[in-house]
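Residue-level structural notes
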Amino acid sequence: MTKFEYAPAPESRAIVDIRSSYGLFVNGEFVDPVDGSMFKSVNPATEEVLAEISAAGAEDVDRAVQAARRAYERTWSKLSGRDRGKYLFRIARIIQERARELAVLESIDNGKPIRESRDVDIPLVAAHFFYYAGWADKLAWAGAGPDPRPYGVAGQVIPWNFPLLMLAWKIAPALAAGNAVVLKPAETTPLTALLFAEICQQADLPPGVVNIVTGAGDTGRALVEHPGVDKVAFTGSTEVGKQIARSVAGTTKKATLELGGKAANIVFDDAPIDQAVEGIVNGIFFNQGHVCCAGSRLLVQESVYDDVLGRLKRRLGTLRVGDPLDKNTDIGAINSADQLARIRELSEVGEAEGAERWSPECELPERGFWFPPTVFTGVSQAHRIAREEIFGPVLSVLTFRTPAEAVEKANNTPYGLSAGVWTDKGSRILSIAQQLRAGVVWANTFNRFDPTSPFGGYKESGYGREGGRHGLLAYLKGEH
Amino acid sequence: MAERLAVKKTYKLYVGGKFPRSESGRSYEVTDAKGRFLANAAWASRKDARDAVVAARKAVPGWSGATAYNRGQVLYRVAEVMEGRHAQFVDEVAAGEGLSRAKATAVVDESIDRWVWYAGWADKIAQVVGSSNPVAGPYFDFSVPEPTGVVAVLAPQRSSLLGLVSVLAPVVVGGNTAVLLASAERPLPAITLSEVLATSDVPGGVVNVLTGRLADTAPVLAAHMDVNAVDLAGAAGDADHARELELAAADNLKRVVRAPETEPDWLAEPGLERITAYLETKTVWHPVGV
């Protein structure tokens, strides 16, 4: 299949105004770090330095937690649910008003295609705030007893793959439930969180209710381990998730963890193959594969293997890799040099262990961090590329003969975040969905998200749910 | 006529539906509240704990796959069979906990009633904590609770029957299987309960009961990679031990119900926390179209 030549259709970046340096957002204002240092945030598509960012030290984190505590005790916990909700509605509206600006900034800082930041990330961010805004004055119906209480101060640490969306998943339910928060965005993608801080100012949110401390792992550790934090919420790797589980052991801190995954995407022989191929592509190449619930293990029934692989490769030949701000781009930049190195390393291991590597012909830009969409066939369950989370645009293909074998292979992982099933048979969907040990099962679709829909993992993919009424309960003390 | 010589019972472990002795061959003396000899109980080893996990894992497909209606009936049957052993439980609770007969009777009554309460939840919990999710798109999206798998339960040390039932019933009602460490000093009601379970249509392996020292078996279970969750109720008041166990549990991210500072009043009305602590939420999406 030939790829049509499209003229570039770049989104203008004139709408964003990136400052040369940013302080920490503590108690409603931007402040310089007292014991931190500065680091640079770069555009992964060009390696251009975007801004100098403050790395919060332990003292900075302490000030932020104290600000949150004061705001919680003096203001936020005294406010009616109705007024808390109205602040959240305000924030949702400002996000909608500034949607284009947020989308462009997200693509610049993260490297994801503008098509995704504009059509997926930012609309979901606004929807999330809108959804939880409505819960703030209805907590007695949340299923945590007649008088549920917030925990107090929530310490939240989020990853770089969906920077503002993960912020929304954390902050919206926390505030609706009546907690104050200190949030640490990922060190490679702090800019939309800092713009969100400005949105909090625009919304006249009481100072200290939301605090944003930028920095890397040390800042996150200081936040999670701070004795003034009552509730810890983390999205990121299983390795760090386990460290957090250890650090809260023996304390009264409540933790919810949304961690890694190695999802099976199962295609049965009666599946609508063209739709399934779209689902496979969306499952693993959406957001450059930087998705914890990505469908990174394709399980294809043997009888349709050749057909599925043939169509999949043809489809991959039409994907456009390049400038994240180009509206035609399907696959953007890898978020960082470190992540690119990890993807390369695991791909090399895949080859060395005997799997066959394939990528469509595609020209990658010279500067920036890039990796072509890649498919490994002949993968066995013992291969590292079938067991470890690659967190990149790399698909491992395995086969199966019977439904029982598909389930066995799908569940053969310490992870349990998500899975996909493709078949025309309704009873088979329900049966397979029931047997999969995964928190989210997409049947004849993949990578769908909604604020009303609980999301989270089984086993080593973590505990607790985000989204829906279940996500609210993660921030409420009570009988549940 | 000479007084009849009583036939004394050997108290054993309960693993995989059978009553083995400890593979270690060890036992320990159990005394009543005043220190008088009651029985020799099996002193479970680390190997016994691992065997119990294997039995519990083997029982997961059958028990979690049973209908909720069936699980409810089985749990209700436990209450029925306990009722028939009422007097024996009163004797053991009175002796072990040093309670008057009247108080021991009240505890046994409540223990039986608690099974009835939990039995009723079997086919209702999914409607209370599950949901249909109104997503903004042409999809049918629903969330259902599912059992997390194998749960290690450290039963309370003081309340040897009511506390035990209060931590065990919420595990199994949701479709999980359990490895239970009985109160070290007051294990007899737990052993008698295992005899009740064996004759109540509870499939073998769904509940496994170990007696002995917490220090031997609890660390094995907390660190075991094929255990999905752990209830630390039995470590109440021992913050250091509880913390050690919680640290070990982090290795495979077990769901942890923490130990309270002191053992709670088990007569208080239970909530849903202990049921939901061992339930995962699964969300399923499907497109709506023709």
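Keep in mind that what you see is a predicted model, and the values were worked out from it rather than measured.

Tallying the contact residues gives 35 residues for chain B and 46 residues for chain A. Summed over both sides, the interface of chain B with chain A buries roughly 3000 Å², with 51% coming from carbon and sulfur. At the junction of chain B with chain A, the criterion picks out two salt bridges. For Asp251 of chain B, the salt bridge identified is with Arg246 of chain A, shortest N-O distance 2.9 Å.

Before going further, it helps to examine the pairing of strand β2 (residues 37-42) of chain B. Residues and elements named next belong to chain B. By the bridge criterion, five bridges tie strand β1 (residues 27-31) to β2 in an arrangement that is antiparallel. Paired with Thr31 across the bridge in β2 is Phe37. Taking the residues between adjacent antiparallel strands as the criterion, β1 and β2 are bridged by five residues, where Gly35 takes a positive phi near 90°.

Here Glu47 of chain A, not a glycine, exhibits a phi torsion of approximately 65°, which is positive. Note on placement: Glu47 of chain A falls in the loop between β4 (37-42) and β5 (49-55). With a relative accessible area of 34%, Glu47 of chain A lands in the partly exposed category. In the Ramachandran plot, Leu253 of chain B falls in the positive-phi region, its phi being about 55° despite a non-glycine side chain. Here Leu253 of chain B lies in the loop between α9 (239-249) and β9 (255-257).

Next up on the list: the packing of helix α3 (residues 86-97) of chain B against helix α4 (residues 101-121) of chain B. All names here are of chain B. One way to put it is that α3 packs onto α4 with a least axis distance of 9 Å and a crossing angle of 125°. In terms of orientation, α3 lies oblique with respect to α4. The way α3 lies across α4 gives a crossing that is right-handed. Contact with α3, carried on its side by His86, Ala87, Phe89, Val90, Asp91, Val93 and Ala94, involves Arg101, Ala104, Thr105, Val107, Val108, Asp109 and Ile112 of α4 and no other residues of that element.

This paragraph deals with the nonpolar core. In this structure, Ile95, Phe129, Leu167, Phe196 and Val210 of chain A are the most contacted members of the largest nonpolar core, which totals 114 residues. With 12 residues, helix α5 (residues 163-177) of chain A is the single largest residue contributor to this core. Viewed by domain, this core spans two of them, domain 1 (21-259 + 459-477) and domain 2 (264-443) of chain A, each represented by three or more residues. Ignoring any residue separated from it by four or fewer positions in sequence, one finds Phe129 of chain A in contact with Leu88, Ile91, Ala92, Ile95, Leu167, Ala168, Ile171, Ala172 and Phe196 of chain A. Listed in part, the 56 residues of the second largest apolar core include Leu75, Ala119, Val165 and Ala169 of chain B.

Now for the domain arrangement of chain A. All names here are of chain A. Partitioning chain A into structural domains gives domain 1 (21-259 + 459-477) and domain 2 (264-443). Using C-alpha coordinates to define each centre, domain 1 is positioned 30 Å away from domain 2. Residue-level contacts link 30 residues of domain 1 with 32 residues of domain 2. Taken over both partners, the interface formed by domain 1 and domain 2 buries close to 2600 Å², and the fraction arising from carbon and sulfur atoms is 56%. Summed over the three residues of domain 1 that lose the most area to domain 2, namely Glu47, Trp160 and Lys459, the buried surface amounts to 22% of that side. Taking the shortest distance from any N to any O, the salt bridge between Arg115 and Asp330 comes out at 2.8 Å. Summed over the shared surface of domain 1 and domain 2, the result is 17 residue pairs in polar contact (both at pLDDT 80 or more). Residue composition of the side of domain 1 that touches domain 2, by class: 11 nonpolar, nine polar and 10 charged.

Quick look at the sheet that holds β4 of chain A now. Residue and element names in this part refer to chain A. Strand order across the open sheet formed by three strands is β1-β5-β4, with mixed pairing between neighbours. Pairing within the sheet leaves two strands with one partner each, and these edge strands are β1 (21-22) and β4. Taken together, the two bridges between β1 and β5 define a ladder with parallel strand orientation. From the neighbouring strand, Tyr22 faces β5, where its bridge partner is Ile53. Together, β1 and β5 form the strand contacts of helix α6 (residues 191-202), whose direction differs from that of β5 by roughly 70°.

It is a probe the size of a water molecule, rolled over the atoms, that shows where empty space is left. Residues and elements named next belong to chain A. Of the volumes computed, that of the second largest pocket is approximately 1200 Å³. Along its surface, the second largest pocket is lined by 42 residues, and Trp160, Phe234, Gly236, Ser237 and Val240 are the ones closest to its centre. Here the lining of the second largest pocket is composed, by residue class, of 16 nonpolar, 13 polar and 13 charged. Counting contributing residues per domain, the lining of the second largest pocket is built from domain 1 (21-259 + 459-477) and domain 2 (264-443), each supplying no fewer than three.

On to the side chain of Thr318 of chain A. Along the polypeptide, Thr318 of chain A turns up in the loop between α10 (305-316) and α11 (337-352). Of the polar contacts made by the side chain of Thr318 of chain A, one reaches the side chain of Arg315 of chain A; its length is 2.6 Å.

This part takes up the sheet that holds strand β5 (residues 150-154) of chain B. Residues and elements named next belong to chain B. On the basis of which strands lie adjacent, the open sheet formed by five strands has the order β7-β6-β5-β8-β9 and parallel pairing. Taken across any chain shown, the strands that pair with only one partner, and hence form the sheet edges, are β7 (207-210) and β9. When strand polarity is set aside, the average angle formed by the axes of neighbouring strands in this sheet is 15°. As judged from the four bridges shared by strand β6 (residues 177-181) and β7, these two strands associate in the parallel manner. Each bridged residue has a counterpart across the sheet, and for Val179 the counterpart in β7 is Asn208.

For the rest of this paragraph, the subject is the pattern of salt bridges. Summed over all chains, the structure comprises 40 salt bridges over all chains. Here Arg100 of chain A makes a salt bridge to Glu11 of chain A, at a shortest N to O gap of 3.3 Å. Taken together, the positions of Arg100 of chain A in helix α3 (residues 99-110) and Glu11 of chain A in the segment before β1 put the pair 89 residues apart, joining distant regions of the chain. Taking relative accessible area as the criterion, Glu11 of chain A reaches 12% and is therefore assigned buried. Of the charged contacts in the structure, one is a salt bridge between Arg114 of chain B and Glu110 of chain B, with a shortest N-O distance of 3.3 Å. In this pair, Arg114 of chain B and Glu110 of chain B are both assigned in helix α4, four residues apart and thus about one turn of the helix distant. Here Glu110 of chain B falls in the partly exposed class, since its relative accessible area comes to 25%. The network of salt bridges with common partners includes Arg342, Glu345, Arg384 and Glu388 of chain A.

Counted residue by residue, strand β10 (residues 279-287) of chain B has seven buried out of nine residues, so it is predominantly covered. Strand direction decides the pairing type here: strand β18 (residues 440-443) of chain A and β10 of chain B, joined by three bridges, are parallel. Each bridged residue has a counterpart across the sheet, and for Trp442 of chain A the counterpart in β10 of chain B is Trp285 of chain B. Both strand β4 (residues 139-147) of chain B and β10 of chain B contribute to a ladder of nine bridges, which runs antiparallel. Bridge assignment links Ser143 of chain B to a residue of β10 of chain B, and that residue is Thr283 of chain B.

Calculation criteria
Residues numbered from 1 in each chain as written. Chains lettered and ligands numbered in written order. Predicted model: local features only at pLDDT ≥ 70, side-chain atom pairs only at ≥ 80, totals over all residues. Heavy atoms only, no water. Contact = heavy atoms within 4.5 Å. Buried area = accessible area lost by both parts, 1.4 Å probe. Salt bridge = Lys/Arg side-chain N within 4 Å of Asp/Glu carboxyl O. Pairing = 2+ DSSP bridges. Helix = DSSP H or I, 4+ residues; strand = E, 2+ residues; numbered from the N terminus. Buried < 20%, exposed > 50% of the residue type's maximum accessible area, 1.4 Å probe, protein only. Axes fitted to C-alpha atoms, helices over the stretch in contact; angles between N-to-C directions. Parallel < 35°, antiparallel > 145°, perpendicular 65-115°, else oblique. Left-handed = near helix turned anticlockwise from the far one by under 90°. Core = buried A, V, L, I, M, F, W, Y, C linked by side-chain atoms within 4.5 Å. Domains from an automatic or database assignment. Polar contact = N/O pair within 3.5 Å; in protein donor to acceptor, adjacent residues only side chain to side chain. Nonpolar A, V, L, I, M, F, W, Y, C, P; charged D, E, K, R; others polar. 1 Å grid on protein atoms, 1.4 Å probe; cavity = no way out; pocket = protein on both sides within 12 Å on 5 of 7 lines; lining within 4 Å. Points joined across faces, edges and corners; volume = space filled by probe spheres on them.

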